[in-house]
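Here is what each chain is made of, one letter per residue.
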Amino acid sequence: MGGKLSKNNKYIVTCSQDIPEEQVYNNAGRRKSVFAEAYNPEDDEGTEDVKVVHPKSDEQRQRLAEAVKDCLLFRSLDREQLSEVLDAMFERKAEPGETIITQGADGDNYYVVESGFYNVLVQPPDGTPKVVMSYDSKGSFGELALLYNMPRAATVQAETSGSLWAMDRQTFRKIVLRNAYQKRKMYESFLKQVPLLSQLDEYERMNVADALNAQNYAKGDLIIKQGDPANGMYIVEAGKVSVVKRGSNGDEKMVNEVEEGGYFGELGLMTHQPRATSIVAASDVRVAFLDVSAFERLLGPCMDLMKSRMPEYEQQLAKAFGSKVKI
């Protein structure tokens, strides 16, 4: 599960796994939910943030960190932001047969599974509940109702005893929405200075900003290895990287350098070929990473510009190796 902000900063969830779709409920006569308050991240600017902290032992914190490491909603958070997530979660033990969330009820918590087996059941208007998926000692659930102020779309029941980590609704919304908003603000001005993205309008650039993940490398670190599958492209935020090509005789030569505002890694995504060169951090460097699915979805308007640079790459390689080298 991941997400993005729309033009008006409303968070839109995008799903990467099969989960029950939100159902349409008839709310006529239904009491107004006590959880229906809105949260606008702009309202928090300039105000002192009161963090939610549930004390944990070192052993609990280590278990929690392991449980949340693969949650897509938190994958783009930096170390400090992730620490805030760990602080705000509390442990909840589950017993066999216990109902964790109930279809149609208000959303109170977001849950990350540490251990145990849990069934997800959906009850159609006319029929009996049906198991649509299960969680076995990993995964997370409960975010849709919290993000959209909607009733729970499904029931989750524990089949075995287990351990869950929970975060209350308002804290969850503040962390997810605020961090997405701050990330967009951070990248907006930077992306305007990237020549490649001059082909995009403001809204398209904002979508790119939402999809980027920051990565840091120390001088000498290998960022891309020649011959590896292409999994995304990179934009240099700070620092400098060296482009290194290994020839047929095994010799490696630096063929180019990419500095702040430049980009690399797009070639393999366009040609659907393994990486043609290695990329090494020439200094401490910070890059913004755009994975292959986001690249294909968001950078269509830039494709002609990127393809026009392919002869330039060939010239750089020919200059380094004295003959034309296949890219």
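Residues numbered from 1 in each chain as written. Predicted model: local features only at pLDDT ≥ 70, side-chain atom pairs only at ≥ 80, totals over all residues. Heavy atoms only, no water.

Colleague: Honestly, the overall build of the protein chain in this entry has me stumped. Any pointers?
Modeller: Within the protein chain, the secondary structure is distributed over nine helices and 18 strands. When each of the 327 residues of the protein chain is scored for burial, the buried share is 45%. The long-range share in the protein chain, meaning contacts at least 24 apart out of those at least 6 apart in sequence, stands at 76%. A total of about 17100 Å² of accessible surface is found on the protein chain, and carbon and sulfur atoms cover 48% of it. (Helix = DSSP H or I, 4+ residues; strand = E, 2+ residues; numbered from the N terminus. Buried < 20%, exposed > 50% of the residue type's maximum accessible area, 1.4 Å probe, protein only. Contact = heavy atoms within 4.5 Å. Areas by Shrake-Rupley, 256 points an atom, 1.4 Å probe, with all protein chains shown as cover.)

Colleague: Help me out: how do you make sense of the packing of aromatic side chains in this one?
Modeller: Both the distance between ring centres and the angle between the ring planes are used here to describe each pair of aromatic rings. Under the criterion given, the structure shown has six aromatic pairs. Residues Y111 and F141 carry aromatic rings whose centres are separated by 5.3 Å and whose planes lie at 25 degrees to one another, so their mutual orientation is stacked. One end of the pair, Y111, is in strand β5 (residues 109–115); the other, F141, is in strand β8 (residues 140–141), with 30 residues separating them in the sequence. Each ring, one from Y234 and one from F264, has its centre 4.9 Å from the other, and the planes form 10 degrees; the classification is stacked. (Phe/Tyr/Trp six-rings, centres within 6.5 Å; stacked < 30°, edge-to-face > 60°.)

Colleague: Before we go on, may I ask you to explain the sheet that holds strand β15 (residues 252–259) in this structure?
Modeller: In sheet architecture, strand pairing relies on hydrogen bonds along the backbone and comes in two forms, parallel and antiparallel. Overall, antiparallel pairing links the four strands, which are arranged β12-β17-β14-β15 in an open sheet. The open sheet has two free edges, formed respectively by β12 (222–224) and β15, since each of these has just one partner strand. Pairs of neighbouring strands in the sheet enclose a mean axial angle of 35 degrees, with direction left out of account. When strand β14 (residues 240–246) meets strand β17 (residues 278–281), the two strands line up antiparallel, connected through four bridges. Within β17, the residue paired with V241 across the bridge is A281. (Pairing = 2+ DSSP bridges. Axes fitted to C-alpha atoms, helices over the stretch in contact; angles between N-to-C directions.)

Colleague: Explanation requested: the packing of helix α4 (residues 169–192) against helix α5 (residues 202–211) in the structure shown.
Modeller: The axes of two packed helices give the description: the angle between them and the distance between them. With their axes 9 Å apart at the nearest point, α4 and α5 run at an angle of 125 degrees to one another. Our classification of the angle between α4 and α5 gives oblique. Note that α4 runs across α5; the crossing there is right-handed. Contacts from K183, R184, Y187, E188, L191 and K192 of α4 reach α5 at R205, M206, V208, A209, D210 and A211. Residues of the contact of α4 with α5, tallied by class, amount to six nonpolar, no polar and six charged. (Parallel < 35°, antiparallel > 145°, perpendicular 65-115°, else oblique. Left-handed = near helix turned anticlockwise from the far one by under 90°. Nonpolar A, V, L, I, M, F, W, Y, C, P; charged D, E, K, R; others polar.)

Colleague: Would you mind going over the confidence of the model for the protein chain with me for this structure?
Modeller: Interpretation of the predicted coordinates at a detailed level should be avoided for regions scoring low in pLDDT. In this model, the protein chain carries an average pLDDT of 80, and 79% of its residues clear a pLDDT of 70 or more. Below pLDDT 50 for its whole length, residues 1–36 participates in 92 contacts with residues either more than four positions away or in separate chains. (pLDDT = per-residue confidence, 0-100.)

Colleague: When you look at the environment of K51 in this model, what are you seeing that I'm missing?
Modeller: Position of K51 relative to the elements: it lies in the loop between β2 (11–14) and α1 (58–68). Linking K51 and D87, residues 36 residues apart in sequence, is a C-alpha distance of 8.4 Å.

Colleague: Looking at this structure, I do not really get the nonpolar core. What am I missing?
Modeller: Side chains that are nonpolar tend, in soluble globular proteins, to be buried together. Judged by nonpolar contacts, the single largest core of 27 residues is most densely connected at L191, L197, M233, I235, F295, L299 and M306. Within the residue set of this core, elements represented by two or more residues are α4, α5, β13 (232–238), α6 (266–271), β18 (285–291), α7 (292–298) and α8 (303–308). Membership of the second largest hydrophobic core comes to 20 residues, among which are L64, L73, L77 and W165. (Core = buried A, V, L, I, M, F, W, Y, C linked by side-chain atoms within 4.5 Å.)

Colleague: When you look at α4 in this model, what are you seeing that I'm missing?
Modeller: Residue pairs three or four apart in sequence face the same way in an α-helix, which turns once every 3.6 residues. The end-to-end C-alpha separation of α4 is 35 Å, in line with the 34 Å expected for 24 residues at 1.5 Å each. The N-terminus of α4 is capped by D168, whose side-chain oxygen sits 3.2 Å from the backbone nitrogen of Q170. (Expected span 1.5 Å × (residues − 1). Polar contact = N/O pair within 3.5 Å; in protein donor to acceptor, adjacent residues only side chain to side chain.)

Colleague: Sorry if this is basic, but what is going on with the sheet that holds strand β7 (residues 130–136) here?
Modeller: In spatial order, the strands read β4-β9-β6-β7; together these four strands make up an open sheet with antiparallel pairing. Edge positions in the sheet fall to β4 (99–101) and β7, since each has one partner strand and no second. Mean inter-strand twist for the sheet, computed between neighbouring axes without regard to direction, equals 30 degrees. Across six bridges, the pairing between strand β6 (residues 117–122) and β7 is antiparallel. The residue bridging V122 from the neighbouring strand is K130, located in β7.

Colleague: Would you mind going over the pattern of salt bridges with me for this structure?
Modeller: Proximity of charged atoms lets side chains of opposite charge pair with each other. This structure, assessed with the given rule, holds 10 salt bridges. Linking E114 and R63 is a salt bridge whose minimum nitrogen-to-oxygen distance equals 2.7 Å. Here R63 lies in helix α1 and E114 lies in strand β5, a separation of 51 residues in the sequence. The exposure class assigned to R63 is partly exposed, which follows from its relative accessible area of 22%. The shortest N-O distance in the salt bridge between D108 and R152 comes to 3.1 Å. With D108 in the loop between β4 and β5 and R152 in the loop between α3 (143–148) and β9 (155–158), this pair connects stretches of sequence that are 44 residues apart. Residue D108 is classed as partly exposed on the basis of its relative accessible area of 32%. One continuous salt-bridge network, built from bridges that share partners, spans E59, R63, E91, K93 and E114. (Salt bridge = Lys/Arg side-chain N within 4 Å of Asp/Glu carboxyl O.)

Colleague: What am I meant to see in the packing of helix α2 (residues 79–88) against α4 here?
Modeller: Relative orientation of the contacting elements α2 and α4 amounts to 175 degrees, with a least axis distance of 11 Å. Relative to α4, the element α2 lies roughly antiparallel. For the pair formed by α2 and α4, the contact residues are Q81, E84, V85 and A88 on the first element and T171, I175, R178, N179 and Q182 on the second. Tallied by class, the residues present in the contact of α2 with α4 amount to three nonpolar, four polar and two charged.

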